[in-house]
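Remarks on the overall topology
So you can see what is in the structure, the chains are spelled out below.
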Amino acid sequence: MLKKLITIPSFSKEESATADCIEVFFSERNVESNRYLNNVWSTNLHFDENKPTLLLNSHHDTVKPNKAYTLNPFLPIEKEGKLFGLGSNDAGGSLVSLLSVFLHYYAQENLAYNIVYAATAEEEISGNNGIEILLPQLPAIEFGIVGEPTQMQMAVAERGLLVLDAVATGKPGHAARNEGDNALYKAIKDIQWIENYRFDKVSELLGSVKMTVTVIETENKAHNVVPSSCNFVIDVRVNECYSFEEVINTIQSNLQSAVQPRSLRMKSSAIPLDHPLVQAGKKLGRSWYGSPTTSDKALMPFLTLKMGPGDSARSHSADEFIYLTEIEEGIKLYIEILDQLILKQ
């Protein structure tokens, strides 16, 4: 199944064909599935509205292959225990592993929890038409597993992502004369503050809030004109100690530039270490950590554990791959963890 998915381009917002492929996979196994836009989901055969529900989720969209690829990104190549191909590691390995786990439990009776499997779109761009738009279509979810490459260790917390557009404003003038008010210089002062400022509260799992200026530009391209405005972008990774509003207020009160958040959706999240899902993983020797990267976990209003086969360091890299043993071990570990929760004792 993963090899099939690799052959089908599925860039964010262009996942229709991989959604078709997943629907066919279910149909061939006589498993009823549902679809909303490019999101496909299914519930276990003996779904019981009186029971709580567990979500198994991963995404089937990918980024575009970077220019450093030496292999065909859409050709699944199996070599030396590795499966090469775009999306094999992020997050195809998790997607098909959770699919296998769902089928393992699909027809079992007397489960303590219902199970919903959801293969969703637009994760790579934090789009609106992925898990966020799908959740209202699903049954009420008690908790979930988000499949991302974590080497099957437990990402119990995740930094929030806050993207801020900042504009420094001055006055235009001729560069040869002492005219104008240079907006670029104002922006530089603000950027220096961003580089040097440290938020006081440090999370044990996620560390400190991290601010990085990633883009800067002025409106004019002429060498002899003092810029009247300068735009720059701040990438802020927020721990669970601060609300987005607190972070924005601190930044706004210290900058000359006007600051506007693009979105307040991708908040930090955490699942308690005493949650049964985490406890089950601990019993199997799984370690836990706070993830510096952001996923669809941020958009789920219930407790989730981010966990899956593969290595985050390979995500978005050239000649992406996953070890076949990682998928095999991932399926086995998922089932061993869930057996502790969803089987009637």
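In this report, the structure presented in the accompanying data block is examined. The shown structure was predicted, so the numbers you read here are calculated from the model rather than taken from an experiment.

1. Quick look at the overall build of the protein
Scanning the protein for helices and strands turns up 8 helices and 18 strands. Seen along its three principal axes, the alpha-carbon backbone of the protein occupies a region of about 80 × 45 × 35 Å. Per-residue burial over the protein gives 51% buried out of 345 residues. Within the protein, residue pairs in contact and separated by at least 24 positions form 80% of the contacts whose partners lie at least 6 positions apart. When the accessible area of the protein is evaluated, it comes to approximately 15900 Å², of which 50% is carbon and sulfur surface.

2. Notes on unusual backbone geometry
Of note, the bond from aspartate 90 into alanine 91 is cis; its omega dihedral lies within 30 degrees of zero at 0 degrees. Within the secondary structure, alanine 91 sits in helix 3 (residues 88–106). In the Ramachandran plot, leucine 37 falls in the positive-phi region, its phi being about 55 degrees despite a non-glycine side chain. With respect to the element layout, leucine 37 can be found in the loop between strand 1 (34–36) and strand 2 (39–43). Leucine 37 sits in the partly exposed class, given a relative accessible area of 43%.

3. As for the nonpolar core
Formed by 48 residues in total, the largest nonpolar core has its most connected members in Leu56, Tyr117, Leu338 and Ile342. Ranked by residue count, the leading element in this core is helix 8 (residues 324–342), at 9 residues. With near-sequence residues (within four places) excluded, isoleucine 342 lies in contact with Leu54, Tyr105, Leu111, Ala112, Tyr113 and Ile115. Leu164, Ala187, Phe199 and Phe244 belong to the second largest nonpolar core, which has 23 residues in total.

4. Let's talk about empty space enclosed by the protein
Under the definition given, this model contains 2 cavities of 30 Å³ or more. Taken as a whole, the largest cavity spans an internal volume of roughly 110 Å³. Surrounding the largest cavity, 15 residues form its lining, Leu5, His60, Thr62, Gly87 and Gly92 being those nearest its centre. Every element with two or more residues in the lining of the largest cavity is listed here: helix 1 (2–6) and helix 3. Here the lining of the largest cavity takes 4 residues from helix 3, the largest share from any one element. Class assignment of the residues belonging to the lining of the largest cavity gives a composition of 6 nonpolar, 7 polar and 2 charged. Computed from the structure, the second largest cavity encloses a volume of approximately 30 Å³. If you go around the second largest cavity, the residues you meet are Thr62, Val63, Leu86, Gly87, Asp90, Glu124, His316 and Glu320. Residue composition of the lining of the second largest cavity, grouped by class: 2 nonpolar, 3 polar and 3 charged.

5. As for the pairing of strand 2
Burial analysis of strand 2 places 4 of its 5 residues in the buried class, the great majority of the element. Note that strand 1 and strand 2 share 3 bridges and pair antiparallel. Among the inter-strand pairings, tyrosine 36 is bridged to a residue of strand 2, identified as asparagine 39. Bridge count between strand 2 and strand 6 (residues 114–120): 4 bridges; the pairing is antiparallel. By the bridge assignment, threonine 43 is partnered in strand 6 with valine 116.

6. Let's talk about the sheet that holds strand 5 (residues 82–84)
The strand order across the open sheet formed by 3 strands is 4-5-18, and the pairing between neighbours is antiparallel. If you trace the sheet from one side to the other, it starts and ends with strand 4 (77–79) and strand 18 (321–323), each paired once. In this sheet, adjacent strand axes meet at a mean angle of 20 degrees when their direction is disregarded. In this sheet, strand 5 lies alongside strand 4 in antiparallel orientation, the contact comprising 3 bridges. Bridge pairing in strand 5 links isoleucine 77 to phenylalanine 84. Set on the sheet, helix 3 makes contact with strand 5 and strand 18; between it and strand 18 the angle comes to about 45 degrees.

7. A few points about the packing of helix 7 (residues 276–283) against helix 8
Helix 8 packs onto helix 7 with a crossing angle of 130 degrees between their chain directions and a minimal axis gap of 9 Å. The pairing of helix 7 with helix 8 is recorded here as oblique in orientation. Considering the relative orientation of helix 7 and helix 8, their crossing is right-handed. In this structure, helix 7 contributes Pro276, Leu277, Ala280, Gly281 and Lys283 to the contact, and helix 8 contributes Ile337, Leu338, Gln340 and Leu341. A class-by-class count of the residues in the contact of helix 7 with helix 8 yields 6 nonpolar, 2 polar and 1 charged.

8. Considering the environment of phenylalanine 25
Secondary-structure assignment places phenylalanine 25 in helix 2 (residues 16–28). Residue classification places phenylalanine 25 among the buried residues on the basis of a relative accessible area of 12%. Along the sequence, phenylalanine 25 and leucine 206 sit 181 residues apart, while their C-alpha atoms lie 38 Å from each other. The contact partners of phenylalanine 25, leaving out residues within four places of it in the chain, are Met1, Leu99 and Leu103.

9. Let's talk about the sheet that holds strand 14 (residues 258–261)
Spatially, 11-13-9-14 is the arrangement adopted by the 4 strands of the open sheet, whose pairing is antiparallel. The open sheet is flanked by strand 11 (210–218) and strand 14, the only strands paired with a single partner. Each strand of the sheet is rotated relative to its neighbour by a mean of 25 degrees, with strand direction disregarded. The pairing of strand 9 (residues 160–169) with strand 13 (residues 229–238) spans 10 bridges and is antiparallel. For valine 167, the partnering residue across the bridge sits in strand 13 and is asparagine 231. Against the sheet, helix 5 (residues 183–196) contacts strand 9, strand 11 and strand 13, and its axis sits at roughly 15 degrees relative to strand 13.

Conventions and cut-offs
Residues numbered from 1 in each chain as written. Predicted model: local features only at pLDDT ≥ 70, side-chain atom pairs only at ≥ 80, totals over all residues. Heavy atoms only, no water. Helix = DSSP H or I, 4+ residues; strand = E, 2+ residues; numbered from the N terminus. Buried < 20%, exposed > 50% of the residue type's maximum accessible area, 1.4 Å probe, protein only. Contact = heavy atoms within 4.5 Å. Areas by Shrake-Rupley, 256 points an atom, 1.4 Å probe, with all protein chains shown as cover. Core = buried A, V, L, I, M, F, W, Y, C linked by side-chain atoms within 4.5 Å. 1 Å grid on protein atoms, 1.4 Å probe; cavity = no way out; pocket = protein on both sides within 12 Å on 5 of 7 lines; lining within 4 Å. Points joined across faces, edges and corners; volume = space filled by probe spheres on them. Nonpolar A, V, L, I, M, F, W, Y, C, P; charged D, E, K, R; others polar. Pairing = 2+ DSSP bridges. Axes fitted to C-alpha atoms, helices over the stretch in contact; angles between N-to-C directions. Parallel < 35°, antiparallel > 145°, perpendicular 65-115°, else oblique. Left-handed = near helix turned anticlockwise from the far one by under 90°.

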